[in-house]
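# Structure assessment
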Amino acid sequence: MTTYVVSREILENNIRQLKKQAGAVPIWAVVKGDGYGLGVLPLAEILSEEGITHFCVTELREAQILRDNNFTEEKILMLRAVSDREEINRLLDLKVILTVGNEETARLIDQIAAERADVAEVHLKIDTGMGRYGFLEEETESVISLYGEVKHLAISGIYTHFNCAFNNEALTRQEFAAFNNVVEAIRAAGYETGTVHCCNSAAFLQYPQMHCDGVRLGSALLGRMPFRTKLHPVGYAVTNIDEIRTLPKGHTTGYSALWTAKKDTRVAIVPVGWYHGFRVSCQPELGRKRDCLRASLSALKQLVRRKNATVEIAGKQCPVIGAIGMLHCAVDVSGVECKRGDPVKLQISPLHVKGMPVVFRA
Ligand SMILES: *Cc1c(COP(=O)(O)O)cnc(C)c1O
């Protein structure tokens, strides 16, 4: 049966390593996207066992799951600047820290909190380049005036979210400087900013000088970063060979007949395809000429290096041949000792995995 296996041990090691690297700075574990595919609760429980007490979500549902399952004292930060009245009320019921990224939302939350005879804890969001949610650096004056005006908001933090931390150090430094300008201006006006935070995983791992008072980590927990780290990927899919056959010389496999047997070839049919997330990635938008160029270059590199997809059978990396189907792929198992029913291991990101149960193993 096809399953997605998450190694608790690897996940725990990643968390420990990140905690060590963060030192005294608290990690706000991001469990959005249903815990990056692992499930909010199973991920949060392991994080909690490793001493994590701060969480970030993007859905009411995720906060609800945490509060319903004994995460009563933990801090939960909503990363979206929610503007729906009912959603705000329910988030306040759950004692979730809200994000304020514009004046209207600030006033709305202030008004709702007043109606409830409540005080809403919020973090301010500064937009330093991402262009979604947040006050611009140019709006610093109106940010400062907020501190004096909103009586039912407890502003306990301020943050920004970098858009290019994984690939553009110069831009990230600029954005960090812009963020600091806003923070300094608020302090100069006599207000306390509370928790200052800006790092996602990529920024955290590369720029220790930007750790500030907290770091928001998601993908690093899963050990999947677009650059080399000491972290390890936490999950993989396991399935079984459905069929073993010998395709005669000249025979093809898969849609579009992309592969033709040069000689009689022993082939294993594996019941996992792109539907399950195999070889699916977050493709960059090819909106700009340089993105097209970059994509073409990487395709060219692949062509030269022939870095084909592989799967692991009997401890060996075996090349996938032909086009990967929706639900199947074919694998060249020439010279590999294997039979129908034997286990197959495939690398799939938990973010993309679909159509199989996720199980945690020691
Ligand atoms: C998703 C997200 C993060 C975590 O990003 P990773 O790169 O996965 O660590 C941090 N902050 C915000 C605002 C996010 O939306």
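Note that this is a predicted model, so its numbers are computed, not measured.

### A look at the overall build of the chain
Within the chain, the secondary structure is distributed over 11 helices and 19 strands. Expressed along its principal axes, the backbone C-alpha trace of the chain runs to roughly 80 × 45 × 35 Å. Burial statistics for the chain: of 362 residues in total, 47% are counted as buried. Restricting to contacts in the chain with at least 6 residues of sequence separation, those with at least 24 account for 67%. Carbon together with sulfur atoms contributes 50% to the accessible area of the chain, which is approximately 18300 Å² in total. Measuring between centres, the 43 positive side-chain charges of the chain sit 12 Å from its 41 negative side-chain charges.

### Digging into the pattern of salt bridges
Following the criterion strictly, the structure yields 16 salt bridges and no others. Between Asp34 and Arg61 there is a salt bridge; the shortest N-O distance is 3.9 Å. Of this pair, Asp34 sits in helix H2 (residues 32-36) while Arg61 sits in helix H4 (residues 60-68), and the two are 27 residues apart along the sequence. On the accessibility criterion, Arg61 (48% relative accessible area) is partly exposed.

### Quick look at the pairing of strand E3 (residues 54-57)
Neither face of E3 is open: one carries His54 and Cys56, the other Phe55 and Val57, and all of them are buried. In the sheet, strand E2 (residues 27-30) pairs with E3 via 3 bridges, with the strands oriented parallel. Looking across to E3, one finds that Trp28 is bridged to His54. Here 4 bridges tie E3 to strand E4 (residues 75-78), and the two strands are oriented parallel to one another. Bridge assignment links His54 to a residue of E4, and that residue is Lys75. Viewed along the sheet, the connection from E3 through H4 into E4 turns out right-handed.

### Overview of the nonpolar core
Core analysis: the biggest nonpolar cluster contains 105 residues, and Ile313 and Val331 have the highest contact counts within it. Among the elements that line this core, the one with the most residues is helix H3 (residues 40-49), at 6 residues. Here this core spans two domains, and each of domain 1 (8-222) and domain 2 (235-346) adds at least three residues to it. Ignoring any residue separated from it by four or fewer positions in sequence, one finds Ile313 in contact with Ile241, Ala268, Cys318, Val331, Val333, Val336, Cys338, Pro343 and Val344.

### A few points about the site of the ligand
Around the ligand, the structure places Val30, Lys32, Tyr36, Leu79, His161, Asn200, Ser201, Arg216, Leu217, Gly218 and Ser219. In the model, an oxygen atom of the ligand is placed 2.6 Å from a nitrogen or oxygen of the Tyr36 side chain. For the ligand, a nitrogen atom lies 3.4 Å from a polar atom in the side chain of His161. Relative to its unbound accessible surface of 390 Å², the ligand loses 89% to contact with the protein. Elements with a contribution of two residues or more to the shell around the ligand: H2 and strand E9 (214-217). Class assignment for the residues of the shell around the ligand results in 4 nonpolar, 5 polar and 2 charged.

### Some points on the domain arrangement of the chain
Frequently, the measure chosen for interface size is the accessible area removed from exposure when the parts meet. With domains assigned, the chain is organised as domain 1 (8-222) and domain 2 (235-346). Measuring from the centre of the C-alpha atoms in domain 1 to the corresponding centre in domain 2 gives 40 Å.

### A short note on a nonpolar patch on the surface
A surface patch of nonpolar side chains, amounting to about 350 Å² of accessible area, comprises Trp274, Val280, Met326 and Leu327. Within the secondary structure, Val280 is located in the loop between strand E14 (265-270) and helix H11 (289-305). Overall, Val280 belongs to the partly exposed group, its relative accessible area being 35%.

### Here's the deal with the sheet that holds strand E16 (residues 316-321)
Ordered by their spatial adjacency, 9 strands build an open sheet running E11-E14-E17-E16-E15-E18-E10-E1-E19, and the pairing between neighbours is mixed. With one partner strand each, in any of the chains shown, strand E11 (243-247) and strand E19 (358-361) form the two edges of the open sheet. Neighbour-to-neighbour, the strand axes of the sheet open up by a mean angle of 35°, direction not taken into account. Sheet analysis places strand E1 (residues 3-7) next to strand E10 (residues 235-240), joined by 4 bridges and oriented antiparallel. What sits directly across from Thr3, in E10, is Val238. The strands touched by helix H1 (residues 8-22) within the sheet are E1 and E19, with E1 carrying the most contacts at an inclination of about 45°.

### A closer look at the packing of helix H7 (residues 140-149) against helix H8 (residues 169-188)
Across the interface, H7 lies against H8 with an axial gap of 10 Å and an inter-helix angle of 40°. By the criterion of interaxial angle, the relationship of H7 to H8 is oblique. Crossing geometry of H7 relative to H8 is assigned as right-handed. Contacts between H7 and H8 involve Thr140, Val143, Ile144 and Tyr147 on the former and, on the latter, Val182, Ala185 and Ile186. Of the residues assigned to the contact of H7 with H8, the class counts are 6 nonpolar, 1 polar and no charged.

Parameters and conventions
Residues numbered from 1 in each chain as written. Predicted model: local features only at pLDDT ≥ 70, side-chain atom pairs only at ≥ 80, totals over all residues. Heavy atoms only, no water. Helix = DSSP H or I, 4+ residues; strand = E, 2+ residues; numbered from the N terminus. Buried < 20%, exposed > 50% of the residue type's maximum accessible area, 1.4 Å probe, protein only. Contact = heavy atoms within 4.5 Å. Areas by Shrake-Rupley, 256 points an atom, 1.4 Å probe, with all protein chains shown as cover. Lys, Arg positive; Asp, Glu negative; His and termini not counted. Charge placed at Lys NZ, Arg CZ, Asp CG, Glu CD. Salt bridge = Lys/Arg side-chain N within 4 Å of Asp/Glu carboxyl O. Pairing = 2+ DSSP bridges. Right-handed = clockwise from strand over helix to strand, strands pointing away. Core = buried A, V, L, I, M, F, W, Y, C linked by side-chain atoms within 4.5 Å. Domains from an automatic or database assignment. Near = heavy atom within 4 Å. Polar contact = N/O pair within 3.5 Å; in protein donor to acceptor, adjacent residues only side chain to side chain. Nonpolar A, V, L, I, M, F, W, Y, C, P; charged D, E, K, R; others polar. Patch = residues over 30% accessible without salt bridge, like charges linked within 9 Å, V, L, I, M, F, W, Y side chains within 5 Å. Axes fitted to C-alpha atoms, helices over the stretch in contact; angles between N-to-C directions. Parallel < 35°, antiparallel > 145°, perpendicular 65-115°, else oblique. Left-handed = near helix turned anticlockwise from the far one by under 90°.

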